[in-house]
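One letter stands for each residue in the lines below.
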Amino acid sequence: MLRVVSWNVNGIRSPLQGMLYEEPSNYAAMVVGRILDKLDADIVCFQETKVTRDVLTEPLAITEGYNSYFSFSRSRSGYSGVATFCKNSATPVAAEEGLSGLLATQKGDVGCYGNMDEFTQEELRALDSEGRALLTQHKIRTWEGKEKILTLINVYCPHADPGKPERLAFKMHFYSLLKIRAEALLAAGSHVIILGDLNTAHRPIDHWDAVNLECFEEDPGRKWMDGLLSSLGCQTGSHVGPFIDSYRCFQPKQEGAFTCWSAVSGARHLNYGSRLDYVLGDRTLVIDTFQDSFLLPEVMGSDHCPVGAVLSVSSVPAKECPPLCTRFLPEFAGTQLKIRRFLVRLKDPVFRDSALKLNNKTQVQMHQNKARVRSTRPRPSQAGSSRGQKNLTSYFQPSSSHPQASPNLELPSVGALVTPKTSEKEVMAKVVEGQASASEAKDEKEIRTSFWKSVLGGPLSMPLCRGHREPCVRRTVKKPGPNLGRHFYICARPQGPPTDPSSRCNFFLWSRPS
């Protein structure tokens with residue numbers, strides 16, 4: 001059996017406190033290992049890792065028993081990014097970063113790019129610049145003993161911000177490029193699995209509030225998925241797209257099967273979310289080999305939950321990892337970086353000759369400087385002069401610059417140093433006087449405290465929501481606009497269906513300016 005799992009971890013460096021109940025000393029080294037052990041899969045695909053190569057550490061990238069592959073964002077730090085961890089028993093035969101082929105190194109790549117003439121080179125470079133796709137190609141063996149090729153495409157598709165129409169165009173271009181590459185791999189004879197965060201809830205059953213969304217079916221992302229997926233799942237008959245949504249193949253009518261919830265509103269408590277994460281397999285592969293497709297909503301640590309599938313095939317591991325494997329990165333391979341990597345080779349002979357002349361001139365000047373330094377050094381015969389090294393005993397001789405103590409100096413008598421005995425009455429009077437002054441200081445402090453309390457008043461009490469008569473929570477407007485930065489109060493309960501009385505009511509109140 002081959003088990004594959006996908007999870008949007010929302011930051012792989014500081015995730016998953018829900019899975020760790022203690023703080024180990026080597027946190028970074030243990031967290032990934034515990035995640036992989038918890039998911040118990042042969043291949044694990046992570047999205048939204050939010051790491052770039054300059055901050056990737058060895059304990060995070062290299063885990064015992066696994067070989068890992070990362071795709072980094074080249075446009076922003078701490079943004080996007082995907083990673084694939086494969087057990088050594090499922091080592092891929094090839095691995096490649098990106099969908100366009102522009103990031104390919106020509107050695108150990110997956111290949112099969114299809115016709116991308118609809119995109120310019122600048123568009124392809126931009127689509128692959130955010131670290132949103134990673135391909136690993138594996139050799140598998142069916143229960144009949146036949147060996148086949150399986151390509152996994154780990155994707156983190158862009159989110160379309162309603163306030164940024166250019167991001168919707170970017171998302172649709174990414175979708176189109178993904179489909180072109182997947183179909184090209186299928187045409188070359190490879191089985192294909194697309195898994196990850198597609199950032200689109202396909203059907204109304206996949207969204208908690210699809211009824212109240214305008215033109216739900218007309219969304220461009222949903223139309224793209226209509227063209228990619230077969231409409232009849234695992235059933236026989238006509239179909240549209242070459243891929244199948246594996247979860248709906250096994251659970252076609254399961255409601256509330258969500259994979260993403262709003263962390264700000266606490267919507268996960270009442271399962272008020274949407275299904276954005278998928279395992280899509282080509283039609284032949286799903287019908288012949290998929291045994292199960294599942295969600296893991298009980299696994300905490302992110303605003304998404306893991307999804308996965310089980311295939312009735314075995315993996316045939318490659319003898320060695322592809323060059324993209326993180327263990328081959330110079331910073332992790334134990335090879336020291338040489339300074340020649342940071343220098344530019346001089347190809348022009350004129351520049352080369354001038355550089356050689358400059359080097360010879362520098363060496364001559366260095367020899368002259370050394371000779372000049374030797375000539376100015378003091379000779380051994382000068383060691384006994386006044387400017388030579390001082391003797392250690394010279395520091396213990398009396399100095400003539402400091403006057404010596406006068407021998408006729410009179411010391412005070414012992415009686416003058418003894419404190420006269422104080423009577424008991426005087427002592428008691430001083431104690432009473434000290435207590436009185438302390439009481440006065442305490443009264444004065446209390447007066448000042450009460451004064452400032454009356455002036456400042458302290459924090460205002462939270463208003464009560466009308467639906468539950470419970471204290472509200474205070475929020476801040478972060479969306480750009482005229483109300484940016486303003487505070488408001490809403491019901492403190494988690495977001496949920498309007499028909500659920502235990503969910504958040506619609507109470508809203510602007511906070512008074514201070």
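Quantities reported herein were computed from a predicted structural model and do not represent experimental measurements. For every chain, the first residue of the written sequence is number 1, and numbering continues from 1 onward in sequence order. Totals for whole chains, interfaces and linings use all residues, but because this is a predicted model, local features are given only for residues with pLDDT of at least 70 and pairs of side-chain atoms are given and counted only at 80 or more. Excluding hydrogens and water, the side-chain values take into account all heavy atoms of the structure.

Draft legend 1. Quick peek at the sheet that holds strand β18 (residues 508-510). Any two strands are treated as partners once DSSP identifies two or more bridges connecting them. Only runs of H or I of at least four residues qualify as helices and only runs of E of at least two qualify as strands under DSSP, and these elements are numbered from the N terminus. Strand order across the open sheet formed by 3 strands is β16-β17-β18, with antiparallel pairing between neighbours. Two strands close off the open sheet at either side, each with one partner strand: β16 (473-476) and β18. Within the sheet, the average angular offset between the axes of one strand and its neighbour, ignoring direction, is 30°. In this sheet, β18 lies alongside strand β17 (residues 487-490) in antiparallel orientation, the contact comprising 3 bridges. By the bridge assignment for β18, I490 is matched with F508. Comment: axis = line fitted to C-alpha atoms, over the contacting stretch for helices; angle = value between 0 and 180 degrees taken between N-to-C directions.

Draft legend 2. Structural context of the UniProt feature "site: Interaction with DNA substrate" (unreviewed entry) in the chain. The UniProt entry lists H304 under the feature "site: Interaction with DNA substrate" (unreviewed entry), expressed in the numbering used here. Topologically, H304 is positioned in the loop between β13 (290-295) and β14 (307-311). Beyond its immediate chain neighbours, meaning those up to four positions away, H304 contacts W7, N8, D197, T259, C260, W261, R268, L276 and D277. UniProt positions are given in the numbering used here, feature names are shortened, and annotations may be inferred rather than shown by experiment. The criterion used for residue contact is that any of the two residues' heavy atoms lie within 4.5 Å.

Draft legend 3. Layout of a nonpolar patch on the surface. Residues forming no salt bridge and having over 30% relative accessible area are the ones grouped into patches, like charges within 9 Å of each other and nonpolar side chains (Val, Leu, Ile, Met, Phe, Trp, Tyr) within 5 Å. Throughout, the Shrake-Rupley method with a 1.4 Å probe supplies accessible areas, and for residues the shown protein chains are the sole cover considered. Put simply, a salt bridge is a Lys or Arg side-chain nitrogen that is within 4 Å of an Asp or Glu carboxyl oxygen. A cluster of nonpolar side chains, contributed by F451, W452, V455 and L456, occupies part of the molecular surface with about 470 Å² of accessible area. Here F451 shows up in helix α10 (residues 424-456). Classification of F451 as partly exposed rests on a relative accessible area of 46%. Classification of residues uses two cut-offs on accessible area relative to the type maximum, computed with a 1.4 Å probe and protein chains only: under 20% is buried, over 50% is exposed, and between them is partly exposed.

Draft legend 4. Representation of helix α5 (residues 220-228). All buried positions along α5 are accounted for by G221, R222, W224, M225 and L228. The arc that holds every buried residue of α5, seen down its axis, measures 155°, which confines them to one face. Contact partners of the buried residues in α5: α4 (165-187), β9 (243-245) and β12 (277-282). Side-chain atoms alone can form a polar contact between residues adjacent in sequence; in general such a contact is a pair of N or O atoms within 3.5 Å, and within protein one must be able to donate a hydrogen while the other accepts it. Here α5 starts with a cap whose side-chain oxygen sits 2.9 Å from the backbone nitrogen of G221, and that cap is D219. Directions drawn from the helix axis to the C-beta atoms are what define this arc.

Draft legend 5. Highlighting the pattern of salt bridges. Tallying each qualifying case throughout the model produces 16 salt bridges. The partner of K50 in a salt bridge is E48, and the shortest N-O contact between them spans 3.9 Å. Note that D206 is salt-bridged to R248, the shortest N-O span being 2.8 Å. Residue D206 is found in the loop between β8 (191-197) and α5, and its partner R248 is found in helix α6 (residues 246-250); the two are separated by 42 residues along the sequence. One network of salt bridges, in which partners are shared, links D206, D245, R248 and R275.

Draft legend 6. Geometry of the packing of α4 against α5. Two numbers describe how α4 lies on α5: the axes approach to 10 Å, and their chain directions differ by 10°. With respect to each other, α4 and α5 are oriented roughly parallel. When α4 is examined against α5, the residues M172, Y175, S176, L178 and K179 are found in contact with a partner set consisting of P220, G221, W224, G227 and L228. Residues are sorted three ways: Asp, Glu, Lys and Arg are charged, Ala, Val, Leu, Ile, Met, Phe, Trp, Tyr, Cys and Pro are nonpolar, and all the rest, Gly among them, are polar. Class assignment of the residues belonging to the contact of α4 with α5 gives a composition of 6 nonpolar, 3 polar and 1 charged. When describing relative orientation, an angle under 35 degrees is termed roughly parallel and one over 145 degrees roughly antiparallel, while 65 to 115 degrees is termed roughly perpendicular and anything else oblique.

Draft legend 7. Here's a closer look at the environment of A333. Counting through the fold element by element, A333 comes out in the loop between β15 (314-316) and α8 (349-376). The exposure class of A333 is partly exposed, given its relative accessible area of 38%. For the pair A333 and E58, spaced 275 residues apart in sequence, the C-alpha to C-alpha distance is 9.7 Å. Not counting residues up to four positions away in its chain, the partners in contact with A333 are R327 and F328.

Draft legend 8. Here's a closer look at the nonpolar core. Ranked by internal contacts, the top residues of the largest apolar core, which has 31 residues, are L152, I193, F290 and L311. Residues contacting F290, with those up to four places away along its chain left out, are I193, S246, F250, V279, L285, A309, V310 and L311. Membership of the second largest hydrophobic core comes to 30 residues, among which are A133, C157, L177 and A182. Only buried residues count toward a nonpolar core, which is a set of Ala, Val, Leu, Ile, Met, Phe, Trp, Tyr and Cys residues joined through side-chain atoms within 4.5 Å.

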